[in-house]
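Residue-level structural notes
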Amino acid sequence: MRDLMREVSWEVIPPSGRGAHMHMALDEVLLEQVISGRRPPTMRLWRWIERALVIGSHQSVLNEVDQRAAKELGFVITRRMSGGGTMLCEPDRTITYSLYLPAAMVAGVSFRRSYALLDDWAVERFKELGVPASYREINDIISPRGKIAGAAQARRRGFVLHHTTIAHSMDAGLVRELIRVGRDRLSERGVRSAEKEVSPLAWFTELTCAEVAIHMQASFRSAFDAHESELSAAELHGAQDLVETKYGTQAWIERIP
């Protein structure tokens, strides 16, 4: 799979600060751009500008989020198009990247194994920084002390959206306060998040969150001979439309899967 990644022309979109709903919308827009052939396979780095709780497509807000605590602590609740569990994201403490690519690039491996293959480059980058990183199926980058990052996927018409959210630093107490892991269900529907110990990068490296993101960007470009790109006006306009009609609406955020 590494060879397949190197055989295509990649583009990299550097970190750009966006609201939580806008990041969700950009994933859908850019996946469609790659599907339509208007973009080659692309990697996008996110920069968070607000506190957010990102729930998976098949989750219930009632089951996952302590909405009172989220409001008091200033966390936006948003829902992504991919599956998986709830992620806690904060400015200057969280790194996220997305990969948009043809499913043919992970052909021949199981769905479960595709997660590890698509995150392998990130595991190697963390090791370069002295982080004792490895992969735990189905979708976690870990250290011996716990979870560093979690990934999720969505597949559309023979193409893959794969995104991974990395804890650079995190207050574990916030996770227990905001995410209702281990509490009683309030809805019979919706996939529940699993309780896992968190192991932020800051435990192993003195690099700041922004410095790690820059290192990852440069490393991806070098490893896959990728070219830097930027979001077009049309892509940003399309994403803003999706924020207004889908990702920023209560109908989407609070829907019962």
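What you see as residue numbers is a count from 1 along each chain, following the sequence as written. Only residues with pLDDT of at least 70 get local features here, since the model is predicted, and only at 80 or more are side-chain atom pairs given and counted; chain-wide, interface and lining totals rely on the full set of residues. Computation of side-chain values covers all heavy atoms of the structure but excludes hydrogens and water.

So, on to the overall build of the protein chain. Every helix listed is a DSSP run of H or I at least four residues long, and every strand listed is a run of E at least two residues long, numbered separately from the N terminus. Looking only at helices and strands, one finds nine helices and 11 strands in the protein chain. For the radius of gyration, the atoms used are the C-alpha atoms, and the globule rule reads 2.2 Å times the number of residues raised to 0.38. In terms of overall size, the protein chain behaves like a compact globule, its C-alpha atoms giving a radius of gyration of 17 Å where 257 residues would be expected to give roughly 18 Å. Projecting the C-alpha coordinates of the protein chain onto the three principal axes gives extents of approximately 50 × 40 × 35 Å. The buried share of the protein chain, taken over its 257 residues, is 54%. The buried label applies to any residue whose accessible area, calculated with a 1.4 Å probe on protein chains only, is under 20% of its type's maximum; exposed applies above 50%, and partly exposed to all values in between.

What follows deals with the pairing of strand E9 (residues 146–156). Along E9, nine of the 11 residues are buried, which leaves the element largely enclosed by surrounding structure. Of the strand pairs in this sheet, strand E8 (residues 140–143) and E9 are connected by four bridges, and their pairing is antiparallel. Bridging from a neighbouring strand, Ile-141 pairs with Ala-149 of E9. A pair of strands counts as paired when DSSP detects no fewer than two bridges linking them. Linking two consecutive strands that pair antiparallel, namely E8 and E9, is a turn of two residues. Relative to strand E10 (residues 159–167), E9 runs antiparallel, the two sharing eight bridges. Considered in E10, the bridge of Gln-153 is made with His-162. Linking two consecutive strands that pair antiparallel, namely E9 and E10, is a turn of two residues; a positive phi of about 50 degrees is found at Arg-157 within it.

Within the open sheet, the three strands sit side by side as E4-E3-E5. Their pairing is mixed. Every other strand in the sheet has two partners, leaving strand E4 (76–79) and strand E5 (87–89) as the edge strands with one partner each. Pairs of neighbouring strands in the sheet enclose a mean axial angle of 25 degrees, with direction left out of account. In terms of strand pairing, strand E3 (residues 52–55) meets E5 through three bridges, oriented antiparallel. Across the sheet, residue Val-54 finds its bridge partner in E5, namely Met-87. In this description, contact between two residues means that some pair of their heavy atoms is separated by no more than 4.5 Å. Note on geometry: axes are C-alpha line fits, over the in-contact stretch for helices, and angles between N-to-C directions span 0 to 180 degrees. Sheet contacts for helix H2 (residues 20–35): E3 and E4; angle to E4, the most-contacted strand, approximately 10 degrees.

On to H2, then. Taking 1.5 Å of rise per residue, the 16 residues of H2 would be expected to cover 22 Å, and the 23 Å separating its terminal C-alpha atoms lies within 8% of that figure. Most of H2 is tucked away, with 15 of its 16 residues classed as buried. Looking at the residues trailing H2, positive phi occurs at Gly-37, about 85 degrees. Any helix carries an expected span of 1.5 Å times its number of residues minus one.

All right, on to the pairing of strand E2 (residues 42–48) then. Counting buried positions along E2 gives six out of seven residues, so the element sits mostly inside the fold. In this structure, strand E1 (residues 11–18) lies alongside E2, joined through six bridges in parallel fashion. Paired with Ser-16 across the two strands is Trp-46, which belongs to E2. Note on handedness: a crossover is taken as right-handed if, strands pointing away from the viewer, the path from the first strand over the helix to the second is clockwise. Taking the sense of rotation as the criterion, the β-α-β connection linking E1, H2 and E2 turns out right-handed.

Mapping Ser-169 onto the fold places it in the loop between E10 and helix H6 (172–178). The buried category is assigned to Ser-169, whose relative accessible area is 17%. Polar contact is the term for a pair of N or O atoms within 3.5 Å; when the atoms are in protein, one must be able to donate a hydrogen and the other to accept it, and sequence-neighboring residues count only if both atoms are side-chain atoms. Side-chain polar atoms of Ser-169 contact the side chain of Arg-93, separated by 3.2 Å. Leaving out residues up to four positions away in the same chain, Ser-169 has contacts with Asp-92, Arg-93, Pro-200 and Ala-202.

Now for helix H8 (residues 233–247). For H8, the full list of buried residues reads Glu-235, Ala-239, Leu-242, Val-243 and Tyr-247. For H8, the buried positions fall inside an angular range of 110 degrees around the axis, keeping them on one side. Of the residues in H8, the exposed ones pointing more than 90 degrees away from the buried face are Ala-233, Ala-234, His-237, Glu-244 and Thr-245. In the core, the buried residues of H8 are packed alongside H2, E4 and helix H9 (250–253). Directions pointing from the helix axis toward each C-beta atom define the arc.

Further remarks concern the confidence of the model for the protein chain. In the predicted model, the protein chain carries a mean pLDDT of 92, and the fraction of residues at 70 or more is 93%. pLDDT: the predictor's confidence for each residue, scored from 0 to 100. Here residues 185–193 is modelled with pLDDT under 50, and outside its nearest four sequence neighbours on either side it reaches 34 contacts, counting other chains as well.

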